[in-house]
Amino acid sequence: MQIKPFEPATDIPYYYPCHFPLIHEVLKGQGSESSLSLLANSRLYGLPSCSSSGLVKTYFDKLDYGEAIWKTKGRTEYPSLEEGLAHIRRRASRGELTIATGTSYYLPYTDDYLNPKYIEKLTEPGSRLYLVDHWLGVYGAEDDRVFVYDPVPARYTGSLSVKAFGDFWKGNGAIPELAGAKRKERLYTYGTVDIEAESKLTPALFKEALLRALATQAHEFLAGREVTKGERTYYFGHAVSLQLLKRLHLGLAEPEASLGSISGFLFDMRWSRYFARDLLRELAERFGGAHAGYLAEFAEIVEEWENAHKRLQGLGTRTKAADRLRELSVALERLIGREYRLYERIRADHAAIPPFAKAGKPERAEALRHREALVRIVLESCREMNRYHNGSIPVELGLQAPLYGRNGHLDSLGLVTLLATVEQGIQEELGIGLALSGGSELAPAMADSPYRTVDSFVGYLLERMPERAEAGEAI
């Protein structure tokens, strides 16, 4: 019994994890519009992120977004190979792809097949790798053959003997040599994963989801958030770029010792941008216009990130490490500024489009519109301070720009002027009167001041926004 016709995507970019193409095929089978770039960017794969330990990877779970496109209904573990195959045949008869989990160590078409290095890399002392299940799709089963779809990294669509498939399906937990490998999640034997669309996407809703993915990406990139959980801090968006610059400046104290870690960090900056580029490419294909312009500029930015690493490597030992780091720092400051300004334009052009909702916290469209408007008003007011009041607010830092307090660029008089400017902007753009510039507004202690940064100021303004306010009414 096989799904016929079964014509899955096979030309999958090498940087996609193995589960996205499978989820894509399942959603299509359920009648929902889907694409790899939407799946990846709905999980924030396009957003740069790293931890204080230096790891550059996705940390979707740290930002508390809900699943916007699909959800995992559950996982099933069958008591035997025969019962699992019976389940696969029933699903195939209904035209449904089964997602099975197991170990690539027993897949004959992979480089991991019976390869000692597969076990060594997971068990060697100090290994940072975690033992996880490999996913593949199963689109049919006969008495002696099982038909599998395994696009990443093997790009294989075809049959396996029942024996080979059974060895795969027993999973990593059945390999005694891996008993000591680090694990982040439970390993399954004869396991399957059930995926379901969060809501069925029609062509119109699919386009809306693409735009919301871009709006979320731009919002989080500009926010540059830092999230501390336990002893580790996680950095997102623009904050990752600033972490790299910080490492460069600190590295000048011991340039030879820091060169390797900085080179590795810089090399990894490309991965998230590949996913963001894919999203922009799809938007350009579907909408054209401004999105084509965004894609062209972002493609140049990605190439500059790649070339920055090549230049660092290409300078070689003939150039002192300190000089290499200084040259890199100058180039990256320009590049980081260019990327930030592009995201500012993207966010301004998508101000009416809300980001994806946070998990368990459905956000009102009105509140989302208010936040975007307030960010725009505060940043424009800062620019006005710089132009007409001899201000020096670093607006290029966006939401992280310091305003008032220990690291701020405003004294009390400057803050009062900024508050009055913002107050006027809110009245003119939103028709809402907030009394901000009275003396009592400066009362909060400096350490807890809502005026520390643009981000904290916008959060304070949101707290003071009325649920329903009539135009012209002072709050």
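Shown above is the structure to which this text applies.
Let us look at the structure shown here.

### Comments concerning the sheet that holds strand S6 (residues 156-161)
Argument step 1. If you walk across this open sheet you meet the 6 strands as S2-S7-S3-S4-S5-S6, and the pairing is antiparallel. Where the open sheet ends on each side, the last strands, each with one partner, are strand S2 (70-77) and S6. Within the sheet, the average angular offset between the axes of one strand and its neighbour, ignoring direction, is 35°.
Argument step 2. Bridge analysis of strand S4 (residues 134-141) against strand S5 (residues 145-150) gives 4 bridges, and the strand direction is antiparallel. Residue Val-138 lies in a different strand from S5, and its bridge partner there is Val-148.
Argument step 3. Seen against the sheet, helix H5 (residues 162-170) touches strand S3 (98-102), S4, S5, S6 and strand S7 (191-197) and runs at an angle of roughly 105° to S6.

### A look at the pairing of strand S9 (residues 232-236)
Argument step 1. In terms of burial, S9 is largely enclosed, as 4 of its 5 residues are buried.
Argument step 2. The pairing of strand S1 (residues 49-51) with S9 spans 3 bridges and is classified as antiparallel. Within S9, the position partnered with Ser-49 by the bridge is Phe-236.
Argument step 3. With 4 bridges connecting them, strand S8 (residues 226-229) and S9 associate as antiparallel partners. Within S9, the position partnered with Glu-226 by the bridge is Tyr-235.

### Examining the side chain of His-19
Argument step 1. You can see His-19 is positioned in helix H1 (residues 19-29).
Argument step 2. Given the relative accessible area of 17%, His-19 is considered buried.
Argument step 3. For His-19, the residues in contact, after removing those within four places along its chain, are Tyr-45 and Trp-135.

### Let's talk about the pattern of salt bridges
Argument step 1. Under the definition given, this model contains 24 salt bridges.
Argument step 2. One salt bridge connects Lys-163 with Asp-167, and the closest N-O pair in it is separated by 2.7 Å. In this pair, Lys-163 and Asp-167 both sit in helix H5, 4 residues apart, roughly one turn of the helix.
Argument step 3. On the accessibility criterion, Lys-163 (59% relative accessible area) is exposed.
Argument step 4. For Asp-167, a relative accessible area of 17% corresponds to the buried category.
Argument step 5. A salt bridge links Glu-300 to Arg-338, with the nearest nitrogen and oxygen atoms 2.4 Å apart. On the criterion of sequence distance, the pair formed by Glu-300 in helix H9 (residues 290-314) and Arg-338 in helix H10 (residues 321-349) is long-range, its members being 38 residues apart.
Argument step 6. What emerges from the salt-bridge pattern is a single network uniting Glu-297, Glu-300, Glu-304, Arg-338 and Arg-345.

### Points about unusual backbone geometry
Argument step 1. A cis amide bond, omega -10°, links Lys-4 with the succeeding residue Pro-5.
Argument step 2. Of note, the bond from Val-152 into Pro-153 is cis; its omega dihedral lies within 30 degrees of zero at 0°.
Argument step 3. Of note, Pro-153 is situated in the loop between S5 and S6.
Argument step 4. A positive phi angle, near 65°, is found at Asp-64, a position not held by glycine.
Argument step 5. Residue position: Asp-64 is located in the loop between S1 and S2.
Argument step 6. Asp-64 gets classed as partly exposed once you look at its relative accessible area, which sits at 44%.
Argument step 7. In this structure, Leu-114 takes a positive phi of about 50° despite not being glycine.
Argument step 8. When you line up the elements, Leu-114 lands in the loop between S3 and helix H4 (116-123).

Cut-offs used in this document
- Residues numbered from 1 in each chain as written.
- Predicted model: local features only at pLDDT ≥ 70, side-chain atom pairs only at ≥ 80, totals over all residues.
- Heavy atoms only, no water.
- Pairing = 2+ DSSP bridges.
- Helix = DSSP H or I, 4+ residues; strand = E, 2+ residues; numbered from the N terminus.
- Axes fitted to C-alpha atoms, helices over the stretch in contact; angles between N-to-C directions.
- Contact = heavy atoms within 4.5 Å.
- Buried < 20%, exposed > 50% of the residue type's maximum accessible area, 1.4 Å probe, protein only.
- Salt bridge = Lys/Arg side-chain N within 4 Å of Asp/Glu carboxyl O.

By themselves these figures say nothing about function.
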